[in-house]
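Analysis of the macromolecular model
So you can see what is in the structure, the chains are spelled out below.
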Amino acid sequence: MAFSRFSLSRISSLLSPSFVPLPSIRRSTPIVVRGFSLSATMESSSASLPPSHGTARWRPVCLYYTQGKCTKMDDPLHIETFNHDCCKDLHVDAAFFEHKQSQKFEFFLVLDLEGFVRPSAMSEQRINEYIEGKYGKFGVDRVWHDTALPFKEVIQQFEAWLAQHHLWGNDRSGLLNRAAFVTCGNWDLKTKVPQQCKVSKMKLPPYFMEWINLKDVYLNFYNQEARGMMAMLKQRQIRVLGSHHLGIDDTKNITRVLQRMLADGAVMQISARRDLHSPENVSFTFRNRIR
C-alpha cells in the first residue's frame, strides 16, 4: 500500500506523548508522518509546502503544551500569542502527492535528538551552564528546567506510546510494526542513543535496531548530495521553520523534506541496520551514501 489507512497524523514529543490530529490529505489515503523530539519550540514563518497557509499570523508553539504541561489554556492573551497546534505547518493538499509511490511502511517516525532530557551523570552546576549556553539564546532554558525528565522515564513514556498505537509488539521485543524511524543522518540512532543507554545503565531497545537516514535516500533519489537538513531545505527551496537545533523545529523541517520526497516519488527504505547478535555493528544499505 502507498499510505496509511488511518485518518490521523500526530507530532509527538518523547518527553510527553501528547497528540495533535493532522487532517488527512485524502479521506481514503492519508499520508501519516510522526515526529519525535526531545525539545519543542518554533520561531519562524509558515511552511512553504503547498498549500500556503494564507495570511494568518504565524505564532510560536507553546513549549509547555508540547509537553502536556500548559496551564494557560484559558488565558486569551496566551492563546493569542502561542500556537497550540503542533501539526499546523505540515498540512498538504492531496494534489501535491501526484507522483507518490507505494511504500513498505505505513508510518514514518521522524526523530531528532536534542537536549531536553535531564542528565544523570552531570553536576547541577554543569547542567545549568550547559542549558543556559544551549537554550538560553532561544529563551527556552526555563522550559527545560520545568519539563526535562531522565532518559529512562522518557523511554518508558515512549514505549507506552508505541504500544498504545500498536507500533510495537505486545511482547515488548522486536522491531517496530508497520513503521520506521526517519533521521537526518546516522548520529542520533547509531551513536547517541546507544551512548545514552550505557550512561543510563539500560539495554538498547530493540526498536532502535534499524532506521532510514534521509540523507542517503535523498542522495540516491535526487543524485544530489546534501550533508544536512539545511542543505536539503535549500536545494528543494523549502523555507526553514523555527530555530535550527531545537527538536520540534528540526523534526518539522525534516518532515517537510520527507513530504517533498514522497511527493516527488521517492521510496523510503531502511538505510542502516544493526547486527542482532552484535548490536555495535551497523551495516548500510546504500553503497552510495553520505559519510
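These notes cover the structure that comes with them. (Residues numbered from 1 in each chain as written. Predicted model: local features only at pLDDT ≥ 70, side-chain atom pairs only at ≥ 80, totals over all residues. Heavy atoms only, no water.)

**Digging into the pairing of strand S6 (residues 210–213)**
- On S6, burial covers both faces: Glu210 and Ile212 on one face and Trp211 and Asn213 on the other are all buried.
- Relative to S6, strand S5 (residues 179–183) runs parallel, the two being bridged by two bridges. Each residue of the ladder has a partner; that of threonine 183, found in S6, is asparagine 213.
- In this fold, the crossover linking S5 to S6 by way of helix H6 (residues 187–199) has right-handed handedness. (Buried < 20%, exposed > 50% of the residue type's maximum accessible area, 1.4 Å probe, protein only. Helix = DSSP H or I, 4+ residues; strand = E, 2+ residues; numbered from the N terminus. Pairing = 2+ DSSP bridges. Right-handed = clockwise from strand over helix to strand, strands pointing away.)

**Details of the packing of aromatic side chains**
- Scanning all chains against the criterion turns up 10 aromatic pairs.
- An angle of 70° between the planes, with centres 6.4 Å apart, marks the rings of phenylalanine 105 and phenylalanine 108 as edge-to-face. Summarising the burial analysis for this pair, phenylalanine 105 and phenylalanine 108 share the class buried.
- When the ring of tyrosine 207 is compared with that of phenylalanine 208, the centres are 4.7 Å apart and the planes differ by 70°; the resulting orientation is edge-to-face.
- Put simply, the rings of Phe158, Trp161, Trp168, Phe181, Tyr207 and Phe208 pair up and form one aromatic cluster. (Phe/Tyr/Trp six-rings, centres within 6.5 Å; stacked < 30°, edge-to-face > 60°.)

**Regarding the environment of valine 240**
- Relative to the helices and strands, valine 240 resides in the loop between helix H8 (229–235) and helix H9 (247–264).
- By relative accessible area, which is 26% here, valine 240 ends up partly exposed.

**Here we look at the pattern of salt bridges**
- Taken as a whole, this structure holds three salt bridges when the rule is applied.
- With a closest N to O distance of 3.0 Å, glutamate 210 and arginine 273 form a salt bridge. A residue pair is termed long-range when its members are at least 10 positions apart, and glutamate 210 in strand S6 and arginine 273 in strand S7 (residues 272–274) qualify at 63 residues.
- Given the relative accessible area of 15%, glutamate 210 is considered buried.
- The exposure class of arginine 273 is partly exposed, given its relative accessible area of 36%.
- The partner of arginine 227 in a salt bridge is glutamate 225, with the nearest N and O atoms 2.9 Å apart.
- Owing to a relative accessible area of 48%, arginine 227 belongs among the partly exposed residues under this scheme.
- Glutamate 225 sits in the partly exposed class, given a relative accessible area of 44%. (Salt bridge = Lys/Arg side-chain N within 4 Å of Asp/Glu carboxyl O.)

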